[in-house]
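What follows is each chain in one-letter form.
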Amino acid sequence: MCYTFYMNGYTFITGATGGLGEEFCFQCAKKGENLFLTGRSEEKLSLLKEKLLNKYPGIKIDYCPCMLTSETDRADLMKYADEKKITFSRFVNVAGVDTQLAFEKYTQEKILFQTRVNFEAAVSLAHYVLDRREKELSILVVSSMSGACPMPYFAIYSATKQALVYFFSALRKELSGTGVKVSVLMPGGIPTRPDIINDIKIQGLKGKLSSKPKDFVVRKALAGADKNKRIIIPGAFNKFTYAVTRITPPAVSMAFVAKHWKGKEKDAFSK
């Protein structure tokens, strides 16, 4: 059963100016949803708003730039939305950091940056959205297939993505029967940036089979959220991989991951 979105309710999308976030913006706008957007760059948000309104002039769009690692920035974003009297019918948390390093090579700053963006900010903003929700609310949080098992050399990313699955699954149970639906998206690779395209290529056939274009992923995600699915995994190969991972001893999975990713590094973010 699909959601009926209230005319005054907004869809709140984090990481809106990234490849996947922007696709969520356009597909939600196509459905007639008003948008409240955040990202790190005010310039990019302004350009995105212009592009969206050129294509979908009938919707309302507001935005507020925010560094999600900052409690002060998040408080300012919440204050801005409060002042505009914005309420929410959908929350899509896309923002995430996929830095890939052996743990000893992290700095304290990078540890905080990745854990705060990937987990703390998602939980903090979900709490805020719940307090300012319409009668019905859909929460959709982007995790990753990387959260299906512990990943050596990708440890913080896989751990924080699994934390999203656990937290929002538990929240879903807490909110059962309240008009709030909670779903977690676990996609494979999505070719939205050069570094991600390279990661997919490195994985060979497995990377090719698991990767899906962003428009496909977003369509499946929104359809699954509207049907109130707890876990949404786009693509038959990814569903199969997830099922196999759940019955494979962690030591076996980790040995395979460690052999494949040892020595490969990626840090596409400035913090």
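Everything below is about the structure shown above.
Please read these numbers as outputs of a predicted model, since none were measured by experiment.

Student: Sorry, what's going on with a positive patch on the surface here?
Tutor: Together, Lys220, Lys227, Lys229 and Lys239 make up a region of like positive charge exposed at the surface. Here lysine 229 shows up in the loop between helix H8 (214-226) and strand S7 (231-232).

Student: Explain the side chain of threonine 14 here, please?
Tutor: Along the chain, the position of threonine 14 falls in strand S1 (residues 9-14). Its relative accessible area of 0% is what places threonine 14 among the buried residues. For threonine 14, the side chain forms a polar contact with the side chain of asparagine 93, separated by 3.1 Å. In this structure threonine 14 touches Thr38, Leu68, Phe91, Val92, Asn93, Val94, Ala95 and Leu125, once residues within four positions along its chain are discounted.

Student: Just to check I follow, could you spell out the packing of helix H1 (residues 19-30) against H8 for this structure?
Tutor: Geometry of a packed helix pair, given as the angle between the helix axes and the separation of the axes. Running from amino to carboxyl end, H1 crosses H8 at an angle of 55 degrees, the nearest separation of the two axes being 9 Å. When the axis of H1 is compared with that of H8, the two are oblique. The way H1 lies across H8 gives a crossing that is right-handed. Each of Gly19, Leu20, Glu23, Phe24, Gln27 and Cys28 in H1 lies in contact with H8, whose residues at this interface are Lys214, Asp215, Val217, Val218, Arg219, Ala221 and Leu222.

Student: Explain the packing of aromatic side chains to me, please; I cannot follow it from the model alone.
Tutor: Any two aromatic rings considered together are summarised by their centre-to-centre distance and by the angle between their planes. Inspection of the entire model under this criterion finds ten aromatic pairs. On the numbers, 5.1 Å between centres and 65 degrees between planes, the contact of phenylalanine 12 with phenylalanine 36 is edge-to-face. Note that phenylalanine 12 is positioned in strand S1 and phenylalanine 36 in strand S2 (residues 34-37), a separation of 24 residues in sequence. Of the two residues, phenylalanine 12 and phenylalanine 36, both sit in the buried class. Grouping aromatic residues by their ring pairs yields a cluster made of Phe12, Phe36, Tyr80, Phe88, Phe91 and Tyr128. The cationic tip of lysine 212 hangs over the ring face of phenylalanine 216; the distance from NZ or CZ to the ring centre is 5.5 Å.

Student: It is not clear to me how the packing of H1 against helix H2 (residues 42-55) should be interpreted in this structure. Could you clarify?
Tutor: Packing of H1 against H2 leaves a shortest axis separation of 10 Å and a crossing angle of 30 degrees. By the criterion of interaxial angle, the relationship of H1 to H2 is roughly parallel. Viewed along their axes, H1 and H2 form a crossing whose handedness is right-handed. Mapping the contact onto sequence places Glu22, Cys25, Phe26 and Ala29 in H1 and Leu48, Lys51, Leu52 and Lys55 in H2. For the contact of H1 with H2, a count of residues per class yields five nonpolar, no polar and three charged.

Cut-offs and rules
Residues numbered from 1 in each chain as written. Predicted model: local features only at pLDDT ≥ 70, side-chain atom pairs only at ≥ 80, totals over all residues. Heavy atoms only, no water. Patch = residues over 30% accessible without salt bridge, like charges linked within 9 Å, V, L, I, M, F, W, Y side chains within 5 Å. Areas by Shrake-Rupley, 256 points an atom, 1.4 Å probe, with all protein chains shown as cover. Salt bridge = Lys/Arg side-chain N within 4 Å of Asp/Glu carboxyl O. Lys, Arg positive; Asp, Glu negative; His and termini not counted. Charge placed at Lys NZ, Arg CZ, Asp CG, Glu CD. Helix = DSSP H or I, 4+ residues; strand = E, 2+ residues; numbered from the N terminus. Buried < 20%, exposed > 50% of the residue type's maximum accessible area, 1.4 Å probe, protein only. Polar contact = N/O pair within 3.5 Å; in protein donor to acceptor, adjacent residues only side chain to side chain. Contact = heavy atoms within 4.5 Å. Axes fitted to C-alpha atoms, helices over the stretch in contact; angles between N-to-C directions. Parallel < 35°, antiparallel > 145°, perpendicular 65-115°, else oblique. Left-handed = near helix turned anticlockwise from the far one by under 90°. Phe/Tyr/Trp six-rings, centres within 6.5 Å; stacked < 30°, edge-to-face > 60°. Lys NZ or Arg CZ within 6 Å of the ring centre and 35° of its normal. Nonpolar A, V, L, I, M, F, W, Y, C, P; charged D, E, K, R; others polar.

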